[in-house]
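Descriptive structure summary
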Amino acid sequence: MALIFHSSANPVAAGHVLGESLVGEPWNGATPAWPLQPLRAPLLGAGSTPWHEAWLVDSPPLAGESEGIRWRRQGDQLFGVIEIDEGPDVGLQAASEAAYARLFRLLDAQGLPHLWRLWNYMADINQDQQGLERYRQFNLGRAQAFEGASRCVVGRVPAACALGVRSGPLSVAFLAGSTPAVPVENPRQVSAFLYPGEYGPRSPTFSRAALVYPPGQELLFISGTASIVGHQSVHLGDVAAQTRESLDNIEAVLAEAQRLSPRGAFALADLSYRVYIRHAADLGAVRAEMAGRVASAETLYLQADVCRSELLVEIEAQGLRVVQAA
Ligand code: 3EB
């Protein structure tokens, strides 16, 4: 029943795949049999061929397609991907609301109500459209869908990231299950779902991290983490300091996760990382800061836009471990 995480320059060669994220360009457009989220952002650094991150399971999954969501389920875990093109009549807010409304209908139909982790990617995230920044439109549509499905928008919300890419549809991948995630917040930061109105008409719907418990396992998903203290962006224009502040935030989230987990701490070095860098030229500076703190950890560097235009870097992480059956 365990989830296995495959992270490699090589495609999955054997085993049962629940779903995959293909990180980096060029993406050749080949579609595997399982749900795939193409992460349409350039990988930075040596040997930048696309990277395969897949969730494997140990017995054959069920597969389906529902309202444009490709999904696979094994036991009580489900991975899905939905991509929605914006059109002349469908702006980002409507696309986001539709994506999440469909996703919630699928989870209801599958009897797997608990969202664990979401990966959100959209084009031109910092651009204004009809007087509202596109990320803020996304937040509006997402919050409306949560409420439309009678879900909490405060407190028990999933871990997530939301990044800007150059082009392409709104792309949302998700992991869900039968057991609730344990949300983790960061005492150094105002919870995102409580951000004040200056950041847009609706606050973002995500927790700083989520602890989840598939049978025999404990997973920790740390949401996209940036140089925000309280609710304010700090170290404007200084990518090295923003990286250090983001890592301080991740350490604070880890301490909080340790308090909430029956198994205690995950260490910084036990996690695998995705680091999103706004300006590719900042790779060296960001990498130097990462090396000082998490030298041995598996880390992918990508060029992507962070959801506030002054933020230059955002870091997300995840960890998996085996736990004794209860
Ligand atoms: C932040 O802390 C940075 O909207 O789902 C990080 C993770 C961020 C998730 C989301 C946004 C999201 O506000 C941005």
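Not measured: the values here are computed from a predicted model.

A look at the UniProt feature "domain: Chorismatase FkbO/Hyg5-like N-terminal" (unreviewed entry) in the protein chain
In the numbering adopted here, UniProt assigns the feature "domain: Chorismatase FkbO/Hyg5-like N-terminal" (unreviewed entry) to residues 53–176. Along residues 53–176, the helical share is 27% and the strand share 42%, with 17 Å between the first and last C-alpha atoms.

Re the side chain of Ser7
Here Ser7 lies in strand E1 (residues 4–8). Side chain to side chain, Ser7 and Trp51 meet in a polar contact 2.8 Å long. Engagement of the side chain of Ser7 in a polar contact is seen with the side chain of Glu298, the distance being 2.7 Å. In this structure, Ser7 is in contact with Trp51, His52, Glu53 and Glu298, ignoring residues within four places of it in sequence.

What about the environment of Gln74?
By secondary structure assignment, the location of Gln74 is in strand E6 (residues 69–74). On the basis of relative accessible area, Gln74 is assigned to the buried category, the value being 7%. The spatial distance from the C-alpha of Gln74 to the C-alpha of Ala280 is 38 Å, given a sequence separation of 206 residues. A distance of 2.7 Å separates a polar atom in the side chain of Gln74 from a polar atom in the side chain of Ser59.

Remarks on the pattern of salt bridges
Pairs can form between side chains of opposite charge whenever their charged atoms are close. Going through the model one piece at a time under the given rule, you end up with 16 salt bridges. Notably, a salt bridge pairs Arg274 with Glu316, separated by 3.6 Å at the nearest N-O pair. Separated by 42 residues along the polypeptide, Arg274 in strand E18 (residues 272–277) and Glu316 in strand E20 (residues 313–322) bring together distant segments of the chain. Take Glu316: its relative accessible area is 4%, and that puts it in the buried class. Between Asp305 and Arg278 there is a salt bridge whose closest N-O contact spans 3.7 Å. Highlighted residues: Asp305 in the loop between strand E19 (299–303) and E20 and Arg278 in the loop between E18 and helix H4 (283–294), separated in sequence by 27 residues. Arg278 gets classed as buried once you look at its relative accessible area, which sits at 11%.

A few points about the nonpolar core
By size, the foremost hydrophobic cluster in this structure holds 38 residues, and its most contacted members are Tyr100, Leu103, Leu115 and Phe174. For this core, the secondary structure elements donating two or more residues are E6, strand E7 (77–84), helix H1 (92–110), strand E8 (114–123), helix H2 (134–148), strand E11 (159–165) and strand E12 (170–177). It is H1 that contributes the most residues to this core, eight residues altogether. Discounting chain neighbours no more than four positions away, the residues touching Leu103 are Ile69, Leu115, Leu118, Val172 and Phe174.

What to know about the sheet that holds E8
Spatial strand order, E5-E6-E7-E12-E8-E11: six strands in an open sheet with mixed pairing. The open sheet is flanked by strand E5 (62–66) and E11, the only strands paired with a single partner. Direction aside, neighbouring strands of the sheet carry axes that sit 15° apart on average. Bridging between E6 and E7 involves six bridges; their strand directions are antiparallel. Across the sheet, Gln74 pairs through a bridge with Gln77, a residue of E7. Against the sheet, H1 contacts E5, E6, E7, E8 and E12, and its axis sits at roughly 25° relative to E12. Seen against the sheet, H2 touches E8, E11 and E12 and runs at an angle of roughly 150° to E8.

Things to note about the packing of aromatic side chains
The tally for this structure, following the rule as stated, stands at 11 aromatic pairs. Between the aromatic rings of Phe5 and Trp55, the centroid separation amounts to 4.9 Å while the plane-to-plane angle is 50°, which identifies the pairing as tilted. With Phe5 in strand E1 and Trp55 in strand E4 (residues 51–57), this pair connects stretches of sequence that are 50 residues apart. According to the relative accessible area criterion, Phe5 is partly exposed, its value standing at 21%. Ring pairs connect the aromatic residues Phe5, Trp55, Phe79, Trp119 and Phe221, which therefore count as one cluster. The ring of Tyr199 carries Arg308 above its face, with NZ or CZ at 4.0 Å from the centroid.

Points about the sheet that holds strand E3 (residues 36–39)
Strand order in the open sheet made by the four strands is E1-E4-E2-E3, with mixed pairing throughout. At either end of the open sheet lies a strand with only one pairing partner, and these are E1 and E3. Taking each pair of neighbouring strands and ignoring which way they run, the sheet shows an average axis angle of 15°. Note that E1 and E4 share five bridges and pair antiparallel.

Each value, and the rule that gives it
Residues numbered from 1 in each chain as written. Predicted model: local features only at pLDDT ≥ 70, side-chain atom pairs only at ≥ 80, totals over all residues. Heavy atoms only, no water. UniProt positions renumbered as here; feature names shortened; annotations may be inferred. Helix = DSSP H or I, 4+ residues; strand = E, 2+ residues; numbered from the N terminus. Polar contact = N/O pair within 3.5 Å; in protein donor to acceptor, adjacent residues only side chain to side chain. Contact = heavy atoms within 4.5 Å. Buried < 20%, exposed > 50% of the residue type's maximum accessible area, 1.4 Å probe, protein only. Salt bridge = Lys/Arg side-chain N within 4 Å of Asp/Glu carboxyl O. Core = buried A, V, L, I, M, F, W, Y, C linked by side-chain atoms within 4.5 Å. Pairing = 2+ DSSP bridges. Axes fitted to C-alpha atoms, helices over the stretch in contact; angles between N-to-C directions. Phe/Tyr/Trp six-rings, centres within 6.5 Å; stacked < 30°, edge-to-face > 60°. Lys NZ or Arg CZ within 6 Å of the ring centre and 35° of its normal.

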